[in-house]
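Secondary and tertiary structure notes
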Amino acid sequence: MPELPEVETTRRGIAPAIQGRLIRQVIVRQPRLRWPVPESLSETVTGQAVQSVERRAKYLLLRTERGTLIMHLGMSGSLRILTEGQPYGKHDHVDLIFSDRTLLRFNDPRRFGAVLWTTGPVADHPLLKDLGPEPLTDDFDGAHLYALAQNRKIPVKSFIMDSRIVVGVGNIYANEALFRAGILPTRHAGKISLARYRRLAECIVLVLEDAIRQGGTTLRDFVNEAGRPGYFKQQLRVYGRAGLPCPLCGEPLTEIRVSGRSTVFCRQCQR
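Residues numbered from 1 in each chain as written. Predicted model: local features only at pLDDT ≥ 70, side-chain atom pairs only at ≥ 80, totals over all residues. Heavy atoms only, no water.

**Examining the environment of Arg-55**
Rule in force here: Helix and strand assignments come from DSSP, with helices taken as H or I runs of at least 4 residues and strands as E runs of at least 2, each series counted from the N terminus. Buried residues are those whose accessible area, probed at 1.4 Å on protein chains only, stays under 20% of the maximum for their type, while exposed residues exceed 50% and partly exposed ones sit between those limits. For this analysis, residues touch if any pair of their heavy atoms sits within 4.5 Å. Whenever a nitrogen or oxygen atom comes within 3.5 Å of another N or O atom, the pair is scored as a polar contact, on the condition that within protein one atom can donate a hydrogen and the other can accept it, and that pairs from neighbouring residues in sequence are kept only if both atoms are in side chains.
By the element assignment, Arg-55 lies in strand 2 (residues 52–56). The buried category is assigned to Arg-55, whose relative accessible area is 16%. With 28 residues separating them along the chain, Arg-55 and Thr-83 place their C-alpha atoms 24 Å apart. Contact partners of Arg-55, with chain neighbours within four places excluded, come to Leu-4, Val-7, Glu-8, Arg-11 and Glu-134. Within polar-contact distance, the side chain of Arg-55 engages the backbone oxygen of Ala-57 at 3.0 Å. Reaching out from Arg-55, the side chain makes a polar contact with the side chain of Glu-134 at a distance of 2.7 Å.

This is how it looks when you write it as structure tokens:
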């Protein structure tokens, strides 16, 4: 599933090509995505200019004067910048064609993504209103995690993956951040000190920033806006490396399941 770094990579890739440009045509080939594409989308969006391309959690926000197009890549979706007239494939469900013949194409083989429209404040949309802070902003730090963790008995890994606590910390990045912070993923969230939460928050930011610089993590289905996979997987320290030596101490890395998710850690370096 594309996570925050993959979505941010996509945002940065498509923004220069479509920001400030007028939408001339909308083609919806498959409206049955995770939520139905609005029937009036073409009529509503055509003729509007994209004022900005933003991201909230894993949602891409194409803002116009009249409202905001909300896009989600689901489990296998991608956005490509092409030129009008490019042949479309089986899973190319929505095209936005701009006045300069630039084409933004939404591809989603599993159809778990979304293309929605809202005229109200984006922050109040049902899909976004309960989200926690963005990890790459000043709203997120160790004190925030520590305050919300009090009396919580859930594993810290599950805690930081809760989008109501902080957005964008998917399974891969939770594994990596906890390893860098030296925190055992099964430790109760409420049993971690403020100092260690400050370190964890720093590591979450570092891991996400590294992934964004590398273009996201290479997953089975993810490609960036130019159709290329990300490269961060080459630098993962623990995820997907169960049984291999810990990069710090050399002991074999352990894999367990935490809340049903693959969790890899070092029994020596994390406590």
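That shown, we press on.
**Thoughts on helix 6 (residues 194–214)**
Heads up, the condition is: Expected span of a helix, by definition, is 1.5 Å for each gap between consecutive residues, and there is one gap fewer than residues.
With 21 residues, helix 6 should cover 30 Å at 1.5 Å per step; its first-to-last C-alpha distance of 30 Å lies within 8% of that length. Considered for burial, the residues of helix 6 that qualify are Arg-196, Tyr-197, Leu-200, Ala-201, Cys-203, Ile-204, Val-205, Val-207, Leu-208, Asp-210, Ala-211 and Ile-212. Next to the buried residues of helix 6 lie helix 1 (4–18), helix 3 (142–149), helix 4 (156–160) and helix 5 (171–181). Following helix 6 by one or two positions, Gly-215 has its phi on the positive side, about 95 degrees.

**Describing the packing of aromatic side chains**
Condition: For Phe, Tyr and Trp, rings pair up if their centres lie within 6.5 Å, where Trp contributes its six-membered ring, and each pair is then called stacked (planes under 30 degrees apart), edge-to-face (over 60) or tilted (otherwise).
One pass over the structure, following the stated rule, counts 2 aromatic pairs. Arranged with centres 6.4 Å apart and planes meeting at 65 degrees, the rings of Tyr-146 and Tyr-197 form a pair that is edge-to-face. Residue Tyr-146 is found in helix 3, and its partner Tyr-197 is found in helix 6; the two are separated by 51 residues along the sequence. Here the aromatic residues Tyr-146, Phe-159 and Tyr-197 are joined through ring pairs into a cluster of three or more.

**Regarding the side chain of Thr-118**
Here Thr-118 is to be found in strand 8 (residues 114–118). Within the structure, Thr-118 has its side chain in polar contact with the backbone nitrogen of Gly-120 (distance 3.2 Å). Not counting chain neighbours up to four residues away, the residues in contact with Thr-118 comprise Gly-67, Thr-68, Ile-70 and His-125.

**Considering the pairing of strand 7 (residues 102–107)**
Every other side chain in a regular strand lies on the same face of the sheet, so the side chains alternate between the two faces. We apply this condition: If DSSP finds at least two bridges between two strands, the strands pair.
The element strand 7 is largely enclosed, with a buried count of 6 among its 6 residues. Across the two faces of strand 7 the burial is the same, with Thr-102, Leu-104 and Phe-106 and Leu-103, Arg-105 and Asn-107 all buried. Alignment of strand 5 (residues 78–83) against strand 7, held across 6 bridges, turns out to be antiparallel. When the bridges of strand 7 are listed, Leu-79 appears paired with Phe-106. Hairpin connection, strand 6 (residues 92–98) to strand 7: the antiparallel pair is bridged by 3 residues, and Arg-101 has positive phi, about 75 degrees.

**Thoughts on the nonpolar core**
Defined as follows: Residue types Ala, Val, Leu, Ile, Met, Phe, Trp, Tyr and Cys, when buried and joined through side-chain atoms within 4.5 Å, form a set referred to as a nonpolar core.
With 28 residues, the main nonpolar core has Leu-145, Val-156, Phe-159, Ile-160, Tyr-197, Leu-200 and Ile-204 as its most contacted residues. The element contributing the most residues to this core is helix 6, with 9 residues. Among all residues touching Val-156, those that are not within four sequence positions of it are Leu-178, Ile-183, Leu-184, Pro-185, Arg-187, Ala-189, Ile-192, Tyr-197 and Leu-200.

**Details of the sheet that holds strand 3 (residues 59–63)**
Our working definition: As a rule, the C-alpha atoms of each element are fitted with a line to give its axis, helices using only the stretch in contact, and angles between N-to-C directions run from 0 to 180 degrees.
Spatially, 4 strands are ordered 2-3-4-8 in an open sheet, and the strand pairing comes out antiparallel. The open sheet has two edge strands, strand 2 and strand 8, and neither has a second partner. The average angle at which neighbouring strand axes cross in this sheet is 25 degrees, direction not considered. Strand direction decides the pairing type here: strand 4 (residues 68–72) and strand 8, joined by 5 bridges, are antiparallel. Across the sheet, residue Thr-68 finds its bridge partner in strand 8, namely Thr-118. Across the sheet, helix 1 touches strand 2 and strand 3, and the angle it forms with strand 2 is around 175 degrees.

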